[in-house]
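Below, each chain spelled out in residue letters.
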Amino acid sequence: MRHFGHLSPAVRAGLFHQEPCDFTAASPARILAAALGATLYSPATRPRLADDVRKQAGRGVVSMVLCLEDSIDDAEVAPGEENLVRQFADLDARDEESPLLFIRVREPGQIPDLVRRLGPSVRRLSGFVLPKFTEERGVPFLEALATAEAASGHRLFAMPVLESPELLHLETRPETLSGIARTVDKYRERVLALRLGVTDFCSAYGLRRSPDMTAYDVQIVAAVIADVVNVLGRADGTGFTVTGPVWEYFRLQERMFKPQLRRSPFMEGRAEDLRATLIEHDLDGLLREIELDRANGLQGKTCIHPSHVLPVHALSVVSHEEFTDAQDILRPERGGGGVLRSAYTNKMNEVKPHRAWAERTLLRAEVFGVAKEEVGFVELLTAGLSG
């Protein structure tokens, strides 16, 4: 699979200076963590789940979570498990490439049980999403994952969700974060990425942000995100990929503030209709939040609606300017440090302070590609919608 692989080779050639790389579920963890992109959630109870997975793959989705937890009623868990076993068998029988698939479970015991019941079709499974992760709750989940992997002989990753009240509450946050850090470090080879459960954070205080607000406008949430990245997202080799929070979509709610999406790039790209569509569907706030995610050290995003996938991926493509800066900073002859003027002559690149940024940028360029100099997110969005 590859990002923007649903577009024709001719269209991709017109968009990319460097095209996104190919990868599979067997690729190295560093590639998969960077390539998760917009991870689309779906209830595990959907009767035509295998068809849904294939449909979304054809639209550019590369990672999905099939949920047995909050998205379904308690009484639907057993039927949901049975449905997953059937749907995985269906996918396996078709012998077609599918996105990276993860199952969100409720309890540790579900992990070895589901892996056993999936049988040979477990090869379609990339791992499990672990809810309300803390040190106390997380260790049994990760031990169950290790047991299931050993029994099946198939590599399985974990994606813990950081969403517990202990992490949100100020008086228990430091201890909870330290415990999570100890746990994920101990099981580092199994942890693909850490996910943020911002909806649960808001729920603890009876909050729900509007489409005019990003997660970073809700100060109590922004504070938790900052602390999680501070402890768990460091660029010194001890950190993990931390993914962006879910965007909640309210199509019919009356807009209180003026659109945040600037007109000029759309006029330049002759895409005013696209701008109007994004505003109508309240996706202008999503675009702003994606940019704030990256500025705050988050990569990828949890998505609950297919319309969110393309904006996440379009804004994950590395610009030609970013790529040029990153390459210049990482040139071997720059190993001793120093300062240089960027090739775009609009900034100074400091080799040592910007090295970690440059390394992350080139990894993102590998999986999402590098846009041509004259191509921006408007062109990427337009091509994706028409493709």
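Residues numbered from 1 in each chain as written. Predicted model: local features only at pLDDT ≥ 70, side-chain atom pairs only at ≥ 80, totals over all residues. Heavy atoms only, no water.

Student: Describe the confidence of the model for the chain, listing the residues and the values that go with them.
Tutor: Mean pLDDT for the chain: 90, with 90% of residues reaching 70 or above. Confidence drops under pLDDT 50 across residues 252–259; counting only partners more than four residues distant or on other chains, this segment forms 12 contacts. (pLDDT = per-residue confidence, 0-100. Contact = heavy atoms within 4.5 Å.)

Student: Before we move on, could you go through unusual backbone geometry and cite the residues and values that matter?
Tutor: Glycine aside, negative phi is the norm for most residues, and most peptide bonds take the trans geometry. Of note in the backbone geometry, Phe4 takes a positive phi value of approximately 65 degrees without being a glycine. Structurally, Phe4 is set in the segment before helix H1 (9–15). Using a relative accessible area of 2% as the deciding quantity, one classes Phe4 as buried. Of note in the backbone geometry, Asp95 takes a positive phi value of approximately 55 degrees without being a glycine. Positionally, Asp95 belongs in the loop between helix H4 (77–94) and strand E4 (100–104). (Helix = DSSP H or I, 4+ residues; strand = E, 2+ residues; numbered from the N terminus. Buried < 20%, exposed > 50% of the residue type's maximum accessible area, 1.4 Å probe, protein only.)

Student: Give a detailed account of the sheet that holds strand E3 (residues 63–67), specifying residues and quantitative values.
Tutor: Pairing in this open sheet of eight strands is parallel, and the strands run E8-E7-E6-E5-E4-E3-E2-E9 from one edge to the other. Because the sheet does not close on itself, it has two edges, and the strands there are strand E8 (242–243) and strand E9 (301–303). In the sheet, strand E5 (residues 125–130) pairs with strand E6 (residues 157–162) via four bridges, with the strands oriented parallel. Within E6, the residue paired with Phe128 across the bridge is Ala158. Each of E4 and E5 is contacted by helix H5 (residues 110–118), which is oriented at about 155 degrees to E5, the strand it contacts most. (Pairing = 2+ DSSP bridges. Axes fitted to C-alpha atoms, helices over the stretch in contact; angles between N-to-C directions.)

Student: Provide a residue-level description of the pairing of E6, including the pertinent values.
Tutor: When you tally the buried positions in E6, you get six out of six residues, the bulk of the element. Here E6 shows a buried face lined by Phe157, Met159 and Val161 and a second buried face lined by Ala158, Pro160 and Leu162. Handedness of the crossover joining E5 and E6 through helix H6 (residues 135–152): right-handed. As paired strands, E6 and strand E7 (residues 194–196) are joined by two bridges and run parallel to one another. Paired with Leu162 across the strands is Leu196, a residue of E7. (Right-handed = clockwise from strand over helix to strand, strands pointing away.)

Student: Now, about helix H13 (residues 283–295): what can you tell me, with residues and values included?
Tutor: Between its terminal C-alpha atoms H13 stretches 19 Å, which fits the 18 Å expected from 13 residues at 1.5 Å a residue. All buried positions along H13 are accounted for by Leu283, Asp284, Gly285, Leu286, Leu287, Glu289, Ile290 and Asp293. Phi turns positive, to about 90 degrees, at Gly297, one or two residues after H13. (Expected span 1.5 Å × (residues − 1).)

Student: Outline the nonpolar core, supporting the account with residue identities and numerical values.
Tutor: Judged by nonpolar contacts, the single largest core of 68 residues is most densely connected at Ile103, Ile111, Phe128, Leu162, Leu196, Ile225 and Val228. With residues up to four places along the chain from it excluded, the contact list for Phe128 reads Phe102, Ile103, Val105, Ile111, Leu114, Val115, Leu145, Leu156, Phe157, Ala158 and Met159. Counting 23 residues, the second-largest nonpolar core is a separate cluster that includes Met1, Ile31, Leu32 and Phe102. (Core = buried A, V, L, I, M, F, W, Y, C linked by side-chain atoms within 4.5 Å.)

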